[in-house]
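Remarks on the overall topology
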Amino acid sequence: MTRSTALITGAASGIGAAVARRFAQRGYHVIAVDRTAELADRAAAEIDPEATAVGCDLADEQSLAELCQRIAGEWRQELDVLVCNAGVIIPDHVAGLSPDQLDLHIDVMLRSPIQLIRAALPEFLARNRGHLMATVSLGGICPLPASAAYSAAKAGLRAFLAALNTELWDTDVHVCGIYPTAVDTPMLQHEARAGGSALNFLSAVRTVEDVADAYERALDKPKLEIYVPFHESLSARAAQWTPAIIPRIYPAFRRIGERGRQKYLKRIDG
């Protein structure tokens, strides 16, 4: 029998690396995708000696198109799981970001997942099985000041997954988004040091293993949205219903978050 394959973007570090290791432990052949061939090679070597490394800049139209072609062609028969995990954050207010920086968030975290999922979907439907998965974020539900483009990309991804799930409702092709709160990754460490949104630090920072646990639960019991942790999604979803009140309550939450940021910085920087 052909070994099942899982393709994971952003596999060189953080959540992607943890999820890739879990899938390899479960017997999947992992295709580790990251921004450069060097990063992908390093990721594959750390994940599994048999993992496949693929360098792909998801913000580059030609590079993304080539990856989509391989999904629809070369890996078509064995690919069972697609994990759109790659992310990027440039912390700043909207006026401080260039047009290219704003586009980068959308390209990596919205445009590329849509295109990758589209490439995998016809074969998944032909076989009537497969998992289309993505790392979204509670930041896609509760807007994050100083990370507006990030929130926009993640909110768009959430809407796309929800609509896609409705299209696939009567099939065995499963759609799942994982919605973590702040997770201890190189990206969060960059946010903490570069003035990212204080709302990231309102509560305890989670580990990449917490998110990997959620991915395994999604494999075993598919569900459209899995929150890490669930209780923190309640306040985020409440904010989604009444976004106009966020500016009024933000100053108080920012003070709490700034204290959390200092504690986190002390932990990671000593």
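Everything in this summary refers to the structure shown in the same document.

1. Topic: the sheet that holds strand β6 (residues 173–180)
With parallel pairing, seven strands are arranged side by side in an open sheet as β3-β2-β1-β4-β5-β6-β7. Because the sheet does not close on itself, it has two edges, and the strands there are β3 (52–55) and β7 (225–228). Shown here is a sheet whose adjacent strand axes are inclined to one another by a mean of 15 degrees, direction ignored. Relative to β3, strand β2 (residues 29–34) runs parallel, the two being bridged by four bridges.

2. Topic: a positive patch on the surface
There is a patch of like positive charges on the surface, built from Arg254, Arg255, Arg259 and Lys263. Considering the arrangement of structural elements, one finds Arg259 in helix α9 (residues 246–269).

3. So, the environment of Arg118
Within the secondary structure, Arg118 is located in helix α4 (residues 99–127). Look at Arg118 and you get exposed, because its relative accessible area is 52%. When the C-alpha positions of Arg118 and Trp169 are compared, they lie 16 Å apart, and in sequence the two are 51 residues distant.

4. Quick look at a nonpolar patch on the surface
Judged by side-chain polarity, Leu202, Ile245, Ile249, Phe253 and Ile256 come together as a nonpolar surface patch covering roughly 370 Å² of accessible area. Within the fold, Ile256 resides in helix α9. Under the relative-accessibility criterion, Ile256 is labelled partly exposed at 37%.

5. Let's talk about the pairing of β6
Summarising burial for β6: seven of the eight residues are buried, a large majority. Bridge analysis of strand β5 (residues 130–135) against β6 gives six bridges, and the strand direction is parallel. Residue pairing for β6: His131 is matched across the bridge by His174. This β-α-β element, β5 to helix α5 (residues 148–167) to β6, shows right-handed connectivity. Two strands pair when backbone bridges link them, and β6 and β7 are joined in this way by four bridges, in the parallel orientation. When the bridges of β7 are listed, Gly177 appears paired with Glu225.

6. Structural notes on a negative patch on the surface
Residues Asp57, Asp60, Glu61 and Glu66 make up a contiguous surface patch of negative charge. With respect to the helices and strands, Glu66 occurs in helix α3 (residues 61–72).

7. Re the nonpolar core
In terms of nonpolar packing, the biggest core is built from 48 residues, with Leu7, Leu67, Ile71, Leu82, Leu116 and Leu132 touching the most fellow members. In terms of residue count, α4 provides more of this core than any other element does, nine residues in total. Here Leu132 is in contact with Leu82, Ile117, Ala120, Leu121, Phe124, Leu164, Leu168, Val173, His174, Val175 and Cys176, once residues within four sequence places are set aside.

8. Focus on helix α6 (residues 186–194)
The set of residues buried in α6 consists of Leu188, Glu191 and Ala192. Viewed end-on, α6 has its buried residues packed into an arc of 100 degrees, placing them on one side of the element. For α6, the secondary structure elements touched by its buried residues are α9. Looking at the residues trailing α6, positive phi occurs at Gly195, about 85 degrees.

9. Digging into the state of the cysteines
Note: disulfide means a covalent bond formed between the sulfur atoms of two cysteine side chains. Applying the stated criterion across every chain, the model contains zero disulfides. Among the cysteines around Cys56, which has no disulfide bond, Cys68 carries the closest sulfur, lying 7.9 Å off.

10. Comments concerning unusual backbone geometry
Here the amide bond leading from Val228 into Pro229 is cis, since omega sits at -5 degrees, within 30 degrees of zero. Examined against the element boundaries, Pro229 turns out to sit in the loop between β7 and α8 (230–241). Non-glycine residue Asn128 carries a positive phi angle of around 55 degrees. When you line up the elements, Asn128 lands in the loop between α4 and β5. The phi dihedral of Ala146 falls on the positive side, at around 75 degrees, and the residue is not glycine. Following the sequence through the fold, Ala146 ends up in the loop between β5 and α5.

Basis of the calculations
Residues numbered from 1 in each chain as written. Predicted model: local features only at pLDDT ≥ 70, side-chain atom pairs only at ≥ 80, totals over all residues. Heavy atoms only, no water. Pairing = 2+ DSSP bridges. Helix = DSSP H or I, 4+ residues; strand = E, 2+ residues; numbered from the N terminus. Axes fitted to C-alpha atoms, helices over the stretch in contact; angles between N-to-C directions. Patch = residues over 30% accessible without salt bridge, like charges linked within 9 Å, V, L, I, M, F, W, Y side chains within 5 Å. Areas by Shrake-Rupley, 256 points an atom, 1.4 Å probe, with all protein chains shown as cover. Salt bridge = Lys/Arg side-chain N within 4 Å of Asp/Glu carboxyl O. Lys, Arg positive; Asp, Glu negative; His and termini not counted. Charge placed at Lys NZ, Arg CZ, Asp CG, Glu CD. Buried < 20%, exposed > 50% of the residue type's maximum accessible area, 1.4 Å probe, protein only. Right-handed = clockwise from strand over helix to strand, strands pointing away. Core = buried A, V, L, I, M, F, W, Y, C linked by side-chain atoms within 4.5 Å. Contact = heavy atoms within 4.5 Å. Arc of directions from axis to C-beta. Disulfide = S-S within 2.5 Å.

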